[in-house]
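# Examining the three-dimensional arrangement
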Amino acid sequence: GAVVSQHPSRVICKSGTSVKIECRSLDFQATTMFWYRQFPKQSLMLMATSNEGSKATYEQGVEKDKFLINHASLTLSTLTVTSAHPEDSSFYICSAQDSSGQETQYFGPGTRLLVL
Amino acid sequence: EDQVTQSPEALRLQEGESSSLNCSYTVSGLRGLFWYRQDPGKGPEFLFTLYSAGEEKEKERLKATLTKKESFLHITAPKPEDSATYLCAVQGDTGRRALTFGSGTRLQVQP
């Protein structure tokens, strides 16, 4: 149980284009989902907290107009990187917290984004 | 502000050589301490949640323990497939549900 999927697993795009990443909780409902970014050999950096049916809460320094988050249902959150630039190239990982009250977060497999 | 410090940064063991990884934390009211395993190019895989000092949990060759200031992940007789980065994270009682992660310990087990 507690499986989280992400799609796509890998994406290459041209500078200036937008990329959408999906995060789904497959066997549980998630009121809250989180989006992280990870650079090589570094730990996870929280970008934003996504709550179903409400606006996301962004961490300091994360541009909300650049990283659009939508959490339209209890099993789906999306992250759209708008007008992507090479510096946005990174490993993006989502996590989901079970709505039943358990504190544990389960992570997706990650999405590798390369902006040319 | 919650803080998590993991040590050592990297650890190389021979197969069968037991050891422990350390996670020191400061948090305003601990709601949970979490251990994850991360393989290169993949998302973190959940291992354990610990909620209160004195609690211990085991899974195969791994055992996690918790005190009021730190947690240990003990690895008994490790195998090469245990090679990964082990991440520790905490959640405090401030109402913020996000986890605060340590920088991880990169474990390499040589045959």
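Details of the structure are given in the entry above.
The following paragraphs examine the structure supplied in this document.

Definitions and cut-offs
Residues numbered from 1 in each chain as written. Chains lettered and ligands numbered in written order. Predicted model: local features only at pLDDT ≥ 70, side-chain atom pairs only at ≥ 80, totals over all residues. Heavy atoms only, no water. Helix = DSSP H or I, 4+ residues; strand = E, 2+ residues; numbered from the N terminus. Rg over C-alpha atoms; globule rule 2.2 N^0.38 Å. Buried < 20%, exposed > 50% of the residue type's maximum accessible area, 1.4 Å probe, protein only. Contact = heavy atoms within 4.5 Å. Areas by Shrake-Rupley, 256 points an atom, 1.4 Å probe, with all protein chains shown as cover. Lys, Arg positive; Asp, Glu negative; His and termini not counted. Charge placed at Lys NZ, Arg CZ, Asp CG, Glu CD. Core = buried A, V, L, I, M, F, W, Y, C linked by side-chain atoms within 4.5 Å. Pairing = 2+ DSSP bridges. Axes fitted to C-alpha atoms, helices over the stretch in contact; angles between N-to-C directions. Buried area = accessible area lost by both parts, 1.4 Å probe. Polar contact = N/O pair within 3.5 Å; in protein donor to acceptor, adjacent residues only side chain to side chain. Nonpolar A, V, L, I, M, F, W, Y, C, P; charged D, E, K, R; others polar.

## Some remarks on the overall build of chain B
For chain B, the helix and strand inventory stands at zero helices and eleven strands. In sequence order, the secondary structure elements of chain B are arranged as β-β-β-β-β-β-β-β-β-β-β. The C-alpha atoms of chain B give 13 Å as radius of gyration, which agrees with the globular expectation for 111 residues (13 Å, within 12%). Judged by the C-alpha coordinates and their principal axes, chain B covers about 45 × 30 × 20 Å. Burial analysis of chain B (111 residues in total) assigns 45% to the buried set.

## A word on the overall build of chain A
Across its full length, chain A holds zero helices and eleven strands. Shown N-terminal to C-terminal, the secondary structure of chain A runs as helices and strands in the order β-β-β-β-β-β-β-β-β-β-β. For chain A, whose C-alpha radius of gyration is 13 Å, the value lies close to the compact-globule estimate of 13 Å for 116 residues. Taking the principal axes of the C-alpha coordinates as reference, chain A spans close to 40 × 25 × 20 Å. Counting every position in chain A, which comprises 116 residues, the buried fraction comes to 50%. A fraction of 54% describes how many contacts in chain A between residues 6 or more apart in sequence connect residues 24 or more apart. Surface exposure of chain A reaches about 5600 Å², of which carbon and sulfur atoms provide 51%. Averaging the locations of the 10 positively and 10 negatively charged side chains of chain A gives two centres separated by 10 Å.

## Notes on the nonpolar core
Residues and elements named next belong to chain A. Counting 25 residues, the largest nonpolar core has Trp35, Tyr58, Phe67, Ile69, Leu79, Tyr92 and Leu113 as the members making the most contacts within it. Of all the elements in the fold, those that place two or more residues in this core are strand E2 (10-13), strand E3 (19-25), strand E4 (30-38), strand E5 (45-51), strand E7 (67-73), strand E8 (76-81), strand E9 (90-98) and strand E11 (111-115). Every residue in contact with Leu113, bar those within four places of it in the chain, is listed here: Val11, Cys13, Val19, Val81, Asp88, Ser89, Ser90 and Tyr92.

## Side note on the sheet that holds strand E8 (residues 70-75) of chain B
Residue and element names in this part refer to chain B. Pairing is antiparallel in the open sheet, where five strands are placed in the order E1-E3-E8-E7-E6. Looking at which strands have only one partner, the edges of the open sheet turn out to be strand E1 (3-7) and strand E6 (56-59). Across the sheet, the axes of successive neighbouring strands diverge by a mean angle of 15 degrees, strand direction being ignored.

## Focus on the interface of chain B and chain A
Contact residues are listed per partner, giving 20 residues for chain B and 21 residues for chain A. Here chain B meets chain A over a buried area of about 1600 Å², counting both sides, of which 50% is carbon and sulfur. A per-residue breakdown of the area chain B buries against chain A is headed by Pro44, Arg97 and Phe101 of chain B, which together make up 29% of the total. Between the two partners, chain B and chain A, sit five residue pairs in polar contact (both at pLDDT 80 or more). If you list the elements that add at least two residues to the side of chain B that touches chain A, you get strand E4 (30-38), strand E5 (45-50) and strand E9 (84-92) of chain B. In terms of residue count, E4 of chain B provides more of the side of chain B that touches chain A than any other element does, four residues in total. Taken together, the residues that form the side of chain B that touches chain A break down as nine nonpolar, seven polar and four charged.

## Remarks on the sheet that holds E8 of chain A
All names here are of chain A. The four strands are arranged E1-E3-E8-E7 in an open sheet whose pairing can be described as antiparallel. One side of each edge strand has no neighbouring strand; the edge strands of this open sheet are strand E1 (4-7) and E7. For this sheet, the mean inter-axis angle between neighbouring strands, taken without regard to orientation, is 15 degrees.

By themselves, these observations are geometric and do not establish any function.
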